[in-house]
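Coordinates in review
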Amino acid sequence: MPELHPILLCGGSGTRLWPLSRKSFPKQFVPLTGETTLFQAAAARMAGVPGVAAPVVVTNSDFRFIVTEQLAHAGVDPGAVLIEPSPRNTAPAILAAALHLLARDPGALMLVMPTDHEIPDREAFRAAVAAGMPQAEAGRIVTFGIRPDRPETGYGWLELSARPESGRAQPLVRFVEKPCAERAAAMLAEGRYLWNAGIFLMAAATLKAAFEAHAPELLAPVAEAVQEARADLGFLRLAAGPWEKARDISVDFAVMERADNLDVVPFDGAWSDLGDWNAVWRAAEVEGLATHGAVTTMDCSGSLIWSETEAMHVMGIGLSDTVVVAMPDAVLVADRSRTQEVKEAVAALKQRGARQAEIFPRDHRPWGWFETLALGDRFQVKRIVVHPGAALSLQSHVHRAEHWVVVSGTARVTIDGEARLLTENQSVYVPLGAVHRMENPGRVPVVLIEIQTGSYLGEDDIIRYEDVYARGQGAKG
């Protein structure tokens, strides 16, 4: 039997779940419904199934180390990790994955999955995939439809010729764009419609043929980007020149809505795209109330109240149908019926130049992460966490000096060629212009407080001399 390759798509800006999800750290990497992130859950969804290969990940340069770190924590060893030079939507991304597979396995099957959806019943999902395998092997494109339980206007729908039967693939009549409330209610009552989950199963060769028939202009630039891709620290960077020539278009518009060889497998398990805070409330609510973190409520109903930090305790009194999300640097308060408008609010913040519109307060790096605790004129205080075995680049700064205080773990610090070990409660001063590096030689994370002082404190004030992560001059961290 041909081998099945999960394809994990993890781009996107995640603006509808602001402020928890932002462009620099979108919702698939956030633990929204438990300790596991949506990306980790997607990566593990088919893991261990006989005949299923390691997943292929398609992401961008900013997320590449987040991807590998979260896969390692989930115990999933990836296959290729393809790096897009710039966002080009789902059609070029999926085509690139297909061409990459075809170069290695002409008979490969591919299961394309968004990584920002919640599918808690793994076994039900695997059963649905198994039901679609014969059609995929026969040259059909299989998509998966969710049985609707309400007249949802925020999803696309799938029209079938007859009422869907569990565990059986049926021909797709057409895709239906997000409907108005009246049309959604009519489709729900008629019973021949399912929600579109955006998941596809097919042979890589079948997908290539679909692009040749319906979007041939994408083949040349994407094929060239794959052929000229270069290995980089275990990643595969698609060539930027040809990639930029590819049209920015979704796979639905480019291919799926034009193809005539699509089947639908009904999926009877729970599913949510967690596309806005109302969807998160619906997935987490108990007796109408959903809370997370340091939250206390009195006489609240129909509401979601979320605190992302123990330092900010949220007290809700008499709230009804309200969403409150508190982050260290931003707070959202919204009527639960208007959470689709959060995207517009983020656009307004971006227009005002607010850093919070896109930048997550915790800045992830290949060696760990940091967050700003205090920022003022000529000073900044950060908390920094360095993973076991990781190291920052050998670097210097033109405009700032730094003082490091180790809170836990053991750090090896090199300043102007002299190395020393620092343990809990020990500190060191890094003068302006000194060439320095910090490493974690231990088996537990190093946590330290960094105090910066100087005339300019931007992350681009860096001269890099050596870097195990092969970042260029001026790159952050």
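Data block above holds the structure.
The model shown is predicted, which means the values in this text are computed figures rather than measured ones.

1. Brief notes about the sheet that holds strand E17 (residues 331-335)
One open sheet holds the four strands; their spatial order is E12-E14-E16-E17, and the pairing between them is mixed. Looking at which strands have only one partner, the edges of the open sheet turn out to be strand E12 (289-292) and E17. Across the sheet, the mean angle separating the axes of adjacent strands is 5° when strand polarity is ignored. Note: strand E14 (residues 303-307) against strand E16 (residues 322-326), four bridges, orientation parallel. Opposite Leu 304, over in E16, you have Val 323 as the bridge partner. Here helix H10 (residues 277-284) sits on the sheet and contacts E12, E14, E16 and E17; the angle it forms with E14, its principal contact strand, is near 95°.

2. Some points on unusual backbone geometry
Residue Pro 19 is bonded to the preceding Trp 18 through a cis peptide linkage, with omega at 5°. Take Pro 19: it is sitting in the loop between strand E1 (4-9) and helix H1 (38-44). Unusually for a residue other than glycine, Asp 321 sits at a positive phi of about 50°. One can find Asp 321 in the loop between strand E15 (314-317) and E16. Even without glycine at this site, Asn 425 takes up a positive phi of about 75°.

3. With respect to empty space enclosed by the protein
Per the counting criterion, the structure on display carries one cavity of 30 Å³ or more. Computed from the structure, the largest cavity encloses a volume of approximately 170 Å³. If you go around the largest cavity, you meet 19 residues; those closest to its centre are Leu 392, Gln 395, Arg 400, Glu 402 and Glu 450. Counting only elements with at least two residues in the lining of the largest cavity, the list comes to strand E20 (379-386), strand E22 (400-408), strand E26 (436-439) and strand E27 (446-454).

4. Focus: the sheet that holds strand E19 (residues 368-376)
One open sheet holds the six strands; their spatial order is E18-E19-E20-E27-E22-E25, and the pairing between them is antiparallel. Where the open sheet ends on each side, the last strands, each with one partner, are strand E18 (362-365) and strand E25 (427-430). The sheet shows a mean angle of 20° between the axes of neighbouring strands, direction not considered. As defined by bridge partners, E19 adjoins E20 across eight bridges and the pair is classed as antiparallel. Paired with Glu 371 across the strands is Arg 383, a residue of E20.

5. Comments concerning helix H6 (residues 204-214)
Three or more residues of H6 are buried, namely Ala 204, Thr 206, Leu 207, Ala 210 and Phe 211. The arc enclosing the buried residues of H6, seen along the axis, measures out at 160°, which places them on a common side.

6. Some remarks on the packing of aromatic side chains
Across all of its chains, the model carries twelve aromatic pairs by this definition. Seen from their ring centres, Phe 25 and Phe 29 are 6.1 Å apart, and the 35° between their planes marks the pair as tilted. In terms of burial, Phe 25 and Phe 29 fall into one category: buried. For the ring pair Phe 29 and Phe 63, a centre distance of 5.3 Å and an interplane angle of 65° mean the geometry is edge-to-face. Taken together, the residues span a long stretch of sequence, with Phe 29 in the loop between E1 and H1 and Phe 63 in the loop between strand E2 (56-60) and helix H2 (64-74) at a distance of 34 residues. Residue classification places Phe 29 among the buried positions, given a relative accessible area of 1%. Judged by relative accessible area, which is 2%, Phe 63 ranks as buried. One aromatic cluster is present, formed by Phe 25, Phe 29, Phe 39, Phe 63 and Phe 360 through successive ring pairs. A cation over a ring is seen here: Arg 362 above Trp 369, with NZ or CZ 3.6 Å from the ring centre. Here Lys 382 stacks its cationic end above the ring of Phe 370, 4.0 Å away from the centre of that ring.

Rules used throughout
- In this convention, every chain numbers its residues from 1, walking through the sequence in written order.
- Confidence filtering applies because this is a predicted model: local features only for residues at pLDDT of at least 70, side-chain atom pairs given and counted only at 80 or more, and all residues used for totals across whole chains, interfaces and linings.
- Hydrogen atoms and water are omitted, and side-chain values are computed over all heavy atoms in the structure.
- Between any two strands, pairing holds if DSSP finds at least two bridges.
- The secondary structure listing takes helices from DSSP runs of H or I that are at least 4 residues long and strands from runs of E that are at least 2 residues long, numbered from the N terminus.
- Helix axes are fitted to C-alpha atoms over the stretch in contact, other axes to C-alpha atoms as well, and angles between N-to-C directions run from 0 to 180 degrees.
- We call two residues contacting when some pair of their heavy atoms lies within 4.5 Å.
- In the cavity and pocket records, a cavity denotes points on a 1 Å grid over the protein atoms alone where a 1.4 Å probe fits but cannot get out, a pocket denotes an open set with protein on both sides within 12 Å along at least 5 of 7 lines, and lining residues are residues with an atom within 4 Å of a point.
- Grid points are joined across faces, edges and corners, and a volume is the space filled by probe spheres set on the points.
- Exposure categories follow from relative accessible area, calculated using a 1.4 Å probe and restricted to protein chains: below 20% of the type maximum is buried, above 50% is exposed, and the middle band is partly exposed.
- An arc is given here, and it is the one of the directions from the helix axis to the C-beta atoms.
- The pairing test for Phe, Tyr and Trp rings, Trp by its six-membered ring, is centres within 6.5 Å, and the orientation test on the planes gives stacked under 30 degrees, edge-to-face over 60, and tilted for anything in between.
- Counting as a charge over the ring demands two things of the Lys NZ or Arg CZ atom: a distance within 6 Å of the ring centre and an angle within 35 degrees of the ring normal.

No statement about biological role is implied by the geometric values presented.
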